[in-house]
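Residue strings, one per chain:
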Amino acid sequence: MGKLYEIYLKTKEEGIIQRASLGIHRCDYLLHAEPGADTKSARIQQVEFNTIASSFGSLSTYTSQLHRYLLQASERYANGVINIDQLPENRSVQAIAGGIASAWKLYGNPHARVMMVVQPGERNVFDQRWIEYNLLESHGIRLLRRTLEEIEDRGTLDPKTKALTIDGHEIAVTYFRSGYAPTDYPTSKKIQQLLSVPGRLERYVDVYTAELLRESFTGLYPFDNSPEGQQAYKLALEDPERFVMKPQREGGGNNIYGEEIVDTLKKLTVEERSAFILMELIRSPPLDNLMVREGQLIEGEVASELGIYGIYLNDGEKAIVNEIGGHLLRTKAHATKEGGVAAGFAVIDSPLLV
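Residues numbered from 1 in each chain as written. Predicted model: local features only at pLDDT ≥ 70, side-chain atom pairs only at ≥ 80, totals over all residues. Heavy atoms only, no water.

Asks: I'm lost on the overall build of the protein chain in this one. Help?
Replies: Along the backbone of the protein chain there are ten helices and 15 strands. Against the compact-globule benchmark of 20 Å for 354 residues, the protein chain has a radius of gyration of 22 Å, which places it among compact chains. Counting across all 354 residues of the protein chain, residues that qualify as buried make up 42%. If you take every contact in the protein chain between residues at least 6 apart in sequence, the share linking residues at least 24 apart comes to 66%. Accessible area of the protein chain: about 20200 Å², with a carbon and sulfur share of 52%. The distance from the centre of the 39 positive side-chain charges to the centre of the 48 negative ones in the protein chain is 3 Å. (Helix = DSSP H or I, 4+ residues; strand = E, 2+ residues; numbered from the N terminus. Rg over C-alpha atoms; globule rule 2.2 N^0.38 Å. Buried < 20%, exposed > 50% of the residue type's maximum accessible area, 1.4 Å probe, protein only. Contact = heavy atoms within 4.5 Å. Areas by Shrake-Rupley, 256 points an atom, 1.4 Å probe, with all protein chains shown as cover. Lys, Arg positive; Asp, Glu negative; His and termini not counted. Charge placed at Lys NZ, Arg CZ, Asp CG, Glu CD.)

Asks: Is there a simple way to think about the packing of aromatic side chains in this case?
Replies: The description of an aromatic ring pair rests on the distance of the ring centres and on the angle between the ring planes. One pass over the full model with this rule turns up three aromatic pairs. A centroid spacing of 6.4 Å and a plane angle of 80° characterise the contact between Tyr 221 and Phe 243, whose relative ring orientation is edge-to-face. With Tyr 221 in strand S8 (residues 220-222) and Phe 243 in strand S9 (residues 243-247), this pair connects stretches of sequence that are 22 residues apart. Residue classification places Tyr 221 among the partly exposed positions, given a relative accessible area of 24%. Look at Phe 243 and you get buried, because its relative accessible area is 1%. Among the aromatic residues, those joined into a ring-pair cluster are Tyr 62, Trp 130 and Tyr 133. The lysine or arginine in question, Arg 273, covers the ring of Tyr 233, its NZ or CZ lying 3.9 Å from the ring centre. (Phe/Tyr/Trp six-rings, centres within 6.5 Å; stacked < 30°, edge-to-face > 60°. Lys NZ or Arg CZ within 6 Å of the ring centre and 35° of its normal.)

Asks: Please clarify how the sheet that holds strand S6 (residues 164-166) should be interpreted in this entry.
Replies: In a beta sheet, neighbouring strands are held together by backbone hydrogen bonds and run either parallel or antiparallel to one another. The five strands lie next to each other as S4-S3-S7-S6-S5, forming an open sheet whose pairing is mixed. Every other strand in the sheet has two partners, leaving strand S4 (143-146) and strand S5 (155-157) as the edge strands with one partner each. Adjacent strand axes in the sheet meet at a mean angle of 45° when their direction is disregarded. Relative to strand S7 (residues 169-176), S6 runs antiparallel, the two being bridged by two bridges. For Ile 166, the partnering residue across the bridge sits in S7 and is His 169. Packed on one face of the sheet, helix H3 (residues 92-107) meets strand S3 (113-117) and S7 and runs near 145° to S7. The sheet contacts of helix H4 (residues 125-139) involve S3, S4 and S7, and relative to S4 the element is tilted by about 155°. (Pairing = 2+ DSSP bridges. Axes fitted to C-alpha atoms, helices over the stretch in contact; angles between N-to-C directions.)

Asks: Is there a simple way to think about the nonpolar core in this case?
Replies: Nonpolar side chains tend toward joint burial in soluble globular proteins. With 29 residues, the main nonpolar core has Ile 96, Ile 100, Trp 104, Val 114, Leu 135, Val 173 and Tyr 175 as its most contacted residues. Those elements that place two or more of their residues in this core are H3, S3, H4, S7, strand S13 (296-314), strand S14 (319-333) and strand S15 (346-349). Ranked by size, the runner-up nonpolar core spans eleven residues in total, among them Phe 223, Leu 235, Ala 236 and Phe 243. (Core = buried A, V, L, I, M, F, W, Y, C linked by side-chain atoms within 4.5 Å.)

Asks: Even after reading the chapter, I still don't get a negative patch on the surface, so can you show me in this structure?
Replies: Negative charge collects at one region of the surface, where Glu 238, Asp 239, Glu 241, Glu 259, Glu 260 and Asp 263 lie side by side. Among the elements that line the negative patch, the one with the most residues is helix H9 (residues 259-267), at three residues. With respect to the helices and strands, the residue Glu 241 is situated in the loop between helix H8 (227-238) and S9. Of the residues examined, Glu 241 reaches a relative accessible area of 43% and is grouped as partly exposed. (Patch = residues over 30% accessible without salt bridge, like charges linked within 9 Å, V, L, I, M, F, W, Y side chains within 5 Å. Salt bridge = Lys/Arg side-chain N within 4 Å of Asp/Glu carboxyl O.)

Asks: Just checking my understanding: could you explain the pattern of salt bridges for this structure?
Replies: Pairing between side chains of opposite charge can happen when the charged atoms of each approach one another. Applying the stated rule across the entire model yields 13 salt bridges. Glu 202 is paired through a salt bridge with Arg 214; the nearest N and O atoms lie 3.0 Å apart. With Glu 202 in the loop between helix H6 (189-195) and helix H7 (207-214) and Arg 214 in helix H7, this residue pair connects regions lying twelve residues apart in the sequence.

Asks: Is there a simple way to explain the side chain of Thr 331 in this structure?
Replies: Among the secondary structure elements, Thr 331 is positioned in strand S14. A polar atom in the side chain of Thr 331 sits 2.7 Å from the side chain of Ser 304. (Polar contact = N/O pair within 3.5 Å; in protein donor to acceptor, adjacent residues only side chain to side chain.)

Asks: Would you mind showing me how to read the sheet that holds S9 here?
Replies: Taken in spatial order, the four strands of this open sheet run S8-S11-S9-S10, and their pairing is antiparallel. Looking along the sheet, the strands with just one partner apiece sit at the ends: S8 and strand S10 (256-257). Two elements, S8 and strand S11 (residues 276-280), share three bridges in a ladder whose sense is antiparallel. Paired with Leu 220 across the bridge in S11 is Met 279. With respect to the sheet, H8 is in contact with S8, S9 and S11, its orientation differing from that of S8 by roughly 115°.

Asks: What am I meant to see in the packing of helix H2 (residues 57-73) against H3 here?
Replies: Helix-helix packing is characterised by the crossing angle of the two axes and by the distance between the axes. Between H2 and H3, the shortest axis-to-axis distance is 7 Å and the interhelical angle comes to 145°. Residues Gly 57, Ser 58, Ser 60 and Thr 61 of H2 form the contact with H3, whose participating residues are Ser 92, Val 93, Gln 94 and Ile 96.

Given below as structure tokens:
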């Protein structure tokens, strides 16, 4: 964090040349119902707001297409009780590629390229490639894939214009699909907690919109040395089953639950635990369903998490693009606390409108 802040200060001192910014976000939601309550009383609660490397836009699009195809091609699919309009179309890959294309056009150099920042030995390459193909086929824009190390070794900045060039190609848009590990960049969970503080949202939106947004917030607390942080520490020790302890990480498999929260807190100093936030556990009502994972048919109680993509482009003064960009539905066993697909906990699914 300190090094990132030093980079920010140095950049600000030199003068920020590129004021335009593109955000490809995904806001994730679960249904929440109190234990023993009727499922009809469930309300939607925000899990997190993803600001970097929001994945599965491509695979969710093709999962939706697969389910719609099976429904239309198979006479006995779902015993004929589902209509095609109950499976909503999903164009998230087109929306993501379209957002990148809008930013590329705003840059103003028809010879420049897009660069996707990827991890070495990337496992999620198929989800990423469809964005690359869509950019070329629908917008005529070429994309380079480079790791952070390759950028450091082979990238250069023009001393006057600050234009980024790598391997002889000027870069118009840098699209991050890596950089979310603790050693790379901070993620959005702390920001999510700060936005839940009373009066904070009103700094950015009107009171009515703030109230609508706040309806989806669950309890979020800091773990620092503030009075609120001390209270959160006490609550977590007294009733750990109510909460989930979240680090500043993405990708699934990093959260801490139940009695493990107590064990972890006892090992951490105040400074160390300030790297976490405490969040009230969202309790999704179970649904009986089937999943296919690694070629195996799994039957039982499941829970689904809905992600909504958003595309936002600002030229430094005003919004150029601000639109919804499709959806992602992930389904997991109800007893499983984590929800990552790449981490092996969930499968990609399609919503059924009833």
